[in-house]
Amino acid sequence: MQFLRNDLDKLTSSRIDIDEPIDIEVTKLVNRNRLIALRDVFVVGHIYYDKYTSHLITDLRIEGIMTVPCAITLNPFDIEFSAKLGEMFSFDEVEDELADTVELIDGETLDLTPYLEEVVNAAVPLKAIDPELTSYPKGEGWEVLTEEDYIKEKSQEIDPRLAKLKDFKFE
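Structural notes, computed from the coordinates. Every value quoted in this text rests on a predicted model; they were computed, and no experiment measured them.

Structural notes on the overall build of the protein chain
- Counting its secondary structure elements, the protein chain contains three helices and ten strands.
- Taken from the N to the C terminus, the helices and strands of the protein chain come in the order β-α-β-β-β-β-β-β-β-α-β-β-α.
- With respect to the three principal axes, the spread of C-alpha positions in the protein chain is 100 × 35 × 25 Å.
- Relative to its full complement of 171 residues, the protein chain shows a buried share of 32%.
- Long-range contacts, defined as pairs at least 24 residues apart, comprise 58% of the intrachain contacts of the protein chain with a sequence gap of at least 6.
- On the protein chain, roughly 12,300 Å² of surface is accessible, and the fraction owed to carbon and sulfur atoms is 50%.
- Averaged over its 18 positive side-chain charges, the protein chain has a centre that lies 11 Å from the centre of its 38 negative ones.

Topic: the pattern of salt bridges
- For the coordinates displayed, the defined rule picks out six salt bridges.
- The salt bridge involving arginine 61 is made with glutamate 63; its shortest N-O contact spans 2.5 Å.
- Relative accessible area serves as the criterion here: at 29%, glutamate 63 is assigned to the partly exposed category.
- Each of Arg5, Asp92 and Glu108 takes part in a single network of salt bridges with overlapping partners.

Thoughts on the pairing of strand S3 (residues 37-50)
- Across seven bridges, strand S2 (residues 15-21) lies against S3 in antiparallel orientation. Bridge pairing in S3 places arginine 15 opposite tyrosine 48.
- Between S3 and strand S4 (residues 55-69), which pair antiparallel and follow one another directly, the connecting turn spans four residues, one of which, serine 54, has a positive phi of 60 degrees.

Focus: helix H2 (residues 113-123)
- Inspection of H2 places Thr113, Leu116, Glu117, Val119, Val120 and Asn121 among the buried residues, and these make up the whole buried set.
- Turning to H2, the residues buried within the fold contact S3, S4, strand S5 (76-85) and strand S8 (109-111).

Here we look at unusual backbone geometry
- In this structure, aspartate 40 is a non-glycine residue whose phi angle is positive, near 50 degrees.
- Even without being a glycine, leucine 74 presents a positive backbone phi close to 65 degrees.

Each value, and the rule that gives it
Residues numbered from 1 in each chain as written. Predicted model: local features only at pLDDT ≥ 70, side-chain atom pairs only at ≥ 80, totals over all residues. Heavy atoms only, no water. Helix = DSSP H or I, 4+ residues; strand = E, 2+ residues; numbered from the N terminus. Buried < 20%, exposed > 50% of the residue type's maximum accessible area, 1.4 Å probe, protein only. Contact = heavy atoms within 4.5 Å. Areas by Shrake-Rupley, 256 points an atom, 1.4 Å probe, with all protein chains shown as cover. Lys, Arg positive; Asp, Glu negative; His and termini not counted. Charge placed at Lys NZ, Arg CZ, Asp CG, Glu CD. Salt bridge = Lys/Arg side-chain N within 4 Å of Asp/Glu carboxyl O. Pairing = 2+ DSSP bridges.

These figures capture arrangement, not role.
Below, the structure written as structure tokens:
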């Protein structure tokens, strides 16, 4: 998704409506070990351009479906995601008080793809558990428990400091 300064300067309206699919390669993302695939990714929103100050303001929402591994079983499953991109860009140098909030564009072309990739990258969950997971894995001497099962099991355990009291016979 690229915007040329000359094309933006020729616009009659300062608002550009965006509603289009975008292709983001998973291999370019930092979190590719927590992300298997992306599909049906759309960018929806508005871009505002002021040709007098050369400022471009984005108000975009990125939506789609990502395939991630389950944190328990590592089986892939799909989750929907939605993230926002609200940045301010400028083709010209900006005043010192705006320098921290405005991203300076190098050259005459603004490519929003790296910024969209960054937003999608931030939307990848650290851990995700498949909501349709019915059986938890177990092995020899271990098993994965739900939180409810763990609390129930812990409440039935006897404190080892008090276990010797069972051996005493009271008359």
